[in-house]
Amino acid sequence: SNIVFSEDESIETVKKYIKSILQSDSFVICGLFLEEKLVGTSGIQFNYNFLNSPQNTSVKLATIGIYIFDLEYRGSGFGKTLVWAATYLFNFCTGVKLFGAGMKKDNTPSLKSFISCGYEKTYEDEEDLKLLLDYSLLLKPNFIKNISIVKTYRN
């Protein structure tokens, strides 16, 4: 499922969402920390129904959702950091080339975070948006300078 958080989402709902991801084998959650404080998260999962098309059920697509916890950190570039890092890391670890995101139409901060990383609108109705990204078109935010990945393995 693709869960979208609104501005008035309770922290308890977010905690339940994160707990469900941690208990799942098909979801990944990444945390963004600033001076040991959890600022935001990005949840990533394979999603075979995102394109809503019978001919596209074999397309390997990952969907990403982001959430910045504290209002004081919103608008500081952390959303685009989460989008870029989650996309980059998931591609690095899985080789997935197609990414999607779904959100409420009025969630402008989230929309801007995804658009700034190269995602493009592919669907829109009265309430919701869907965006897609071919990994080759991923845009790195200018403030991200050094990229270093250490791959570890769990047994």
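For the structure, see preceding data.
Here the structure is a predicted model, which means the values were calculated and not measured.

Undergrad: So what about the environment of glycine 79? Which residues, and what values?
TA: Tracing the backbone shows glycine 79 in helix 2 (residues 78-94). On the basis of relative accessible area, glycine 79 is assigned to the buried category, the value being 11%.

Undergrad: I'd love a proper account of helix 3 (residues 108-116), names of residues and values included.
TA: All buried positions along helix 3 are accounted for by Ser110, Leu111, Ser113 and Phe114. All buried residues of helix 3 project into a common sector of 160° when viewed along the axis, lining one side. Where the residues of helix 3 are buried, they touch strand 3 (61-68), helix 2, strand 4 (98-104), strand 5 (120-124) and strand 6 (128-134). After helix 3 finishes, the residue glycine 118 shows a positive phi value of roughly 105°.

Undergrad: Kindly report on helix 2, identifying the contributing residues and their values.
TA: A rise of 1.5 Å per residue sets the reference length of helix 2, with its 17 residues, at 24 Å; its end C-alpha atoms lie 24 Å apart and thus fit the reference within 8%. All of the buried residues in helix 2 are Phe78, Gly79, Thr81, Leu82, Val83, Trp84, Ala86, Thr87, Phe90 and Asn91. Phi turns positive, to about 80°, at glycine 95, one or two residues after helix 2.

Undergrad: Could you give me a rundown of the pairing of strand 6, with the residues and numbers involved?
TA: Along any regular strand, the residues point their side chains to alternate faces of the sheet. For strand 6, a buried count of five out of seven residues is recorded, marking the element as mostly surrounded by other parts of the structure. Sheet topology note: the strand 4/strand 6 ladder contains seven bridges and is antiparallel. What sits directly across from lysine 104, in strand 6, is aspartate 128. Note: strand 5 against strand 6, four bridges, orientation antiparallel. Paired with lysine 121 across the two strands is leucine 131, which belongs to strand 6. Counted between consecutive antiparallel strands, the loop separating strand 5 from strand 6 contains three residues.

Undergrad: An account of the pattern of salt bridges is needed here, citing residue identities and associated values.
TA: In total, this model carries three salt bridges according to the counting rule given. Note that glutamate 127 and lysine 104 form a salt bridge whose closest N and O atoms lie 3.9 Å from each other. In this pair, glutamate 127 sits in the loop between strand 5 and strand 6 while lysine 104 sits in strand 4, placing the two residues 23 residues apart along the sequence. Under the relative-accessibility criterion, glutamate 127 is labelled exposed at 51%. Since its relative accessible area comes to 34%, lysine 104 is described here as partly exposed. Overlapping salt bridges bring together Lys104, Glu127 and Asp128 as one network.

Quick notes on the rules
Residues numbered from 1 in each chain as written. Predicted model: local features only at pLDDT ≥ 70, side-chain atom pairs only at ≥ 80, totals over all residues. Heavy atoms only, no water. Helix = DSSP H or I, 4+ residues; strand = E, 2+ residues; numbered from the N terminus. Buried < 20%, exposed > 50% of the residue type's maximum accessible area, 1.4 Å probe, protein only. Arc of directions from axis to C-beta. Contact = heavy atoms within 4.5 Å. Expected span 1.5 Å × (residues − 1). Pairing = 2+ DSSP bridges. Salt bridge = Lys/Arg side-chain N within 4 Å of Asp/Glu carboxyl O.

All quantities given are derived from atomic positions and should not be read as evidence of function.
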